[in-house]
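Remarks on the overall topology
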Amino acid sequence: GTARTLLAAWDAGVFFPRLLEPHDDVEPPRCRSCRVAEACLRRDSGSRGRLRRWVERRREAGADHVFLALWELYRPAS
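Notes on the structure follow. Just so you know, the residues in each chain are numbered from 1, in the order the chain's sequence is written. The predicted origin of the model limits local features to residues at a pLDDT of at least 70 and limits the giving and counting of side-chain atom pairs to 80 or more, whereas totals for whole chains, interfaces and linings rest on all residues. Only hydrogens and water are removed before side-chain values are computed, so all heavy atoms of the structure are retained for them.

Observations concerning the overall build of the chain
The numbering of helices and of strands both runs from the N terminus, where a helix is a DSSP run of H or I of at least 4 residues and a strand a run of E of at least 2. In terms of regular secondary structure, the chain is built from three helices and zero strands. Ordering the α and β elements of the chain from the N terminus gives α-α-α. Counting only C-alpha atoms, the chain reaches 30 × 30 × 25 Å along its principal axes. Each residue's exposure class comes from its accessible area (1.4 Å probe, protein chains only) as a fraction of the maximum for that residue type: buried when under 20%, exposed when over 50%, partly exposed otherwise. Per-residue burial for the chain yields a buried fraction of 29% across its 78 residues. Sequence-distant contacts, at least 24 apart, represent 53% of the contacts inside the chain between residues at least 6 apart. In this description, accessible areas are obtained by the Shrake-Rupley approach with a 1.4 Å probe, and a residue is regarded as covered only by the protein chains that are shown. For the chain, the exposed surface amounts to about 5800 Å²; the carbon and sulfur share of it is 54%. Contacts: residue pairs with any heavy atoms within 4.5 Å of one another.

What follows is the structure in structure tokens.
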């Protein structure tokens, strides 16, 4: 399922920054050790907020199924 989702996203040209975790409004832990973090919008609260609102609108509209499938792909271990 993961490979299918990634390939569908690639085919659809769906690329987005992972500025926050899918289910929390926090920066992903992997950003702390990123070598290109200075070139990223990760600390821009406006960008994170716009991404969060965009995701929520897509969920409400039931649109962009490839984007949402990719967005939801990462789920932390419970």
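Resuming the write-up.
A short note on the packing of aromatic side chains
For any pair of aromatic rings, geometry is given as the distance between the ring centres together with the angle between the planes. A pair of Phe, Tyr and Trp rings is counted when the ring centres sit within 6.5 Å of each other, with Trp represented by its six-membered ring. The angle between the planes then sorts it: under 30 degrees is stacked, over 60 is edge-to-face, the rest tilted. The full count for this structure, using the stated rule, is five aromatic pairs. Arranged with centres 4.9 Å apart and planes meeting at 70°, the rings of Phe 16 and Phe 67 form a pair that is edge-to-face. Taken together, the residues span a long stretch of sequence, with Phe 16 in the loop between helix H1 (2–12) and helix H2 (45–61) and Phe 67 in helix H3 (residues 65–71) at a distance of 51 residues. Relative accessible area serves as the criterion here: at 23%, Phe 16 is assigned to the partly exposed category. Their ring planes at 80° and their centres at 4.6 Å tell us that Trp 54 and Phe 67 sit as a pair that is edge-to-face. A residue pair is termed long-range when its members are at least 10 positions apart, and Trp 54 in helix H2 and Phe 67 in helix H3 qualify at 13 residues.

What about the environment of Val 66?
Examined against the element boundaries, Val 66 turns out to sit in helix H3. Look at Val 66 and you get buried, because its relative accessible area is 16%. The spacing of Val 66 and Gly 13 is 53 residues in sequence and 9.6 Å in space, taken between C-alpha atoms. Apart from the residues within four sequence positions on either side, Val 66 is in contact with Ala 8, Ala 9, Ala 12 and Val 14.

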